[in-house]
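Examining the three-dimensional arrangement
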Amino acid sequence: MRRRRQFLALLAATSCLLVIVGVGVYVAARHEPAFYRRGEIASAAERRQLAEDFLRCSSDVYNLMANGKPWALNISQNQLNGYLQDEISASGGLFSYPENVTDPRIEFDADRIRIGFRYGVGTWTAVVSVDLRTWLVAKEANTIALELCGLSVGGLPFGSHALMEYVTDAAREWNADVTWYRNGSNPIALIRLQANQNRPTLQMRRFEITDGQVHIHGKPTVDTPPSTDVVGG
């Protein structure tokens, strides 16, 4: 009888511990990072205006590139978030997402890009957040480096292998070549644009993240008259 009571007490204590751990994991997985909450644009009218600004800037840059002119694109995180959250994007736009990925948001902070999105179906969703450091690689034409500094589901750290595969596949769809290496514990992707072309048609001059903005400047590889065209704000 005594052993039975001890066994039942141990079983109850273990069950209680498992419940506490389970609740803790659930709460942590449901955590929403502060940057993700900041990135929400609640007003539908504001979202639409920002989305239209983003599309206008993108279209202007495309026209400059098509006409062989230097271009400079300056996009704010609000413009990009407005586009990502507006039904213009939801009905089929510039970006495609993996299955069960919804409500993406982004934040630009110094040389960092923070990306968040919901993953899952119905009530079983969690916010996945990605922290990236980025820079234009010196002495490597049209090559951008992305360092994966953090990946989490809610408040729980997560492995990076699946994200590395997605970055590689997505880059290939844009005719870019990806090479991975590690800096300490962080994987770094070297993304070389127009890797499928023997003679690339553009030259990246700037790819920089500042507080609240991304700056992407370039020019055609053929000689053209100087231009001061700057798109965005």
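Counting restarts for each chain, with residues numbered from 1 along the sequence as it is written. Side-chain atom pairs in this predicted model are given and counted only at pLDDT of 80 or more, local residue features only at pLDDT of at least 70, and totals for whole chains, interfaces and linings cover all residues. Processing note: side-chain calculations cover all non-hydrogen atoms of the structure and skip hydrogens and water entirely.

1. A closer look at unusual backbone geometry
In this model, D103 sits at a positive phi of 50°, which is unusual for a non-glycine residue. Think of it this way: any DSSP run of H or I at least four residues long counts as a helix, any run of E at least two long counts as a strand, and we number them from the N terminus. Assignment of secondary structure puts D103 in strand β2 (residues 101-109). Summary of the burial criterion: residues with accessible area below 20% of their type's maximum are buried, those above 50% are exposed, and those between are partly exposed, where the area comes from a 1.4 Å probe applied to protein chains only. Classification of D103 as partly exposed rests on a relative accessible area of 26%. A positive phi angle, close to 65°, is found at K139, a residue other than glycine. Position of K139 among the secondary structure elements: in the loop between β4 (124-136) and β5 (143-153). By relative accessible area, K139 is classed as exposed at 87%.

2. Regarding the packing of helix α3 (residues 44-66) against helix α4 (residues 77-85)
Two quantities define a packed helix pair, namely the angle between the helix axes and the distance between the axes. Running from N to C, α3 and α4 point in directions that differ by 110°, and their axes come no closer than 7 Å. Accordingly, the angle class assigned to the pair α3 and α4 is roughly perpendicular. Residue-level contacts link R47, L50, A51, D53, F54 and L55 of α3 to N78, Q79, L80, G82, Y83 and Q85 of α4. Of the residues contributing to the contact of α3 with α4, the split by class is 6 nonpolar, 4 polar and 2 charged. Between N-to-C directions, angles cover 0 to 180 degrees, with each direction set by a line fitted to C-alpha atoms, over the stretch in contact for helices. Roughly parallel means an angle under 35 degrees; roughly antiparallel means over 145; roughly perpendicular covers 65 to 115; every other angle is labelled oblique. The contact definition used throughout considers only heavy atoms, calling two residues in contact when any of these lie within 4.5 Å. Under the convention adopted here, Pro, Cys and the residues Ala, Val, Leu, Ile, Met, Phe, Trp and Tyr are nonpolar, Asp, Glu, Lys and Arg are charged, and Gly plus all remaining residues are polar.

3. So, the environment of V137
Relative to the helices and strands, V137 resides in the loop between β4 and β5. When the C-alpha positions of V137 and F207 are compared, they lie 9.4 Å apart, and in sequence the two are 70 residues distant. Every residue in contact with V137, bar those within four places of it in the chain, is listed here: T143, I144, A145 and L190.

4. A look at the pattern of salt bridges
A side-chain nitrogen of Lys or Arg and a carboxyl oxygen of Asp or Glu constitute a salt bridge if their distance falls within 4 Å. If you walk through the whole model with that rule in mind, you get 11 salt bridges. Residue D111 pairs with R112 through a salt bridge whose shortest N-O separation is 4.0 Å. Under the relative-accessibility criterion, D111 is labelled partly exposed at 30%. Overall, R112 belongs to the partly exposed group, its relative accessible area being 27%. Among the charged side chains, a salt-bridge network with shared partners connects D111, R112, D131, R133 and E147.

5. Quick notes on the side chain of D86
The topology assignment puts D86 in the loop between α4 and α5 (87-90). Judged by its relative accessible area of 2%, D86 falls in the buried class. Each polar contact in these results corresponds to two N or O atoms within 3.5 Å; when the atoms are within protein, one needs to be able to donate a hydrogen and the other to accept it, and residues that are neighboring in sequence are counted only if both atoms are side-chain atoms. Side-chain polar atoms of D86 contact the side chain of R48, separated by 2.9 Å. With residues near it in sequence (within four places) discarded, D86 still touches A44, R47, R48 and A51.

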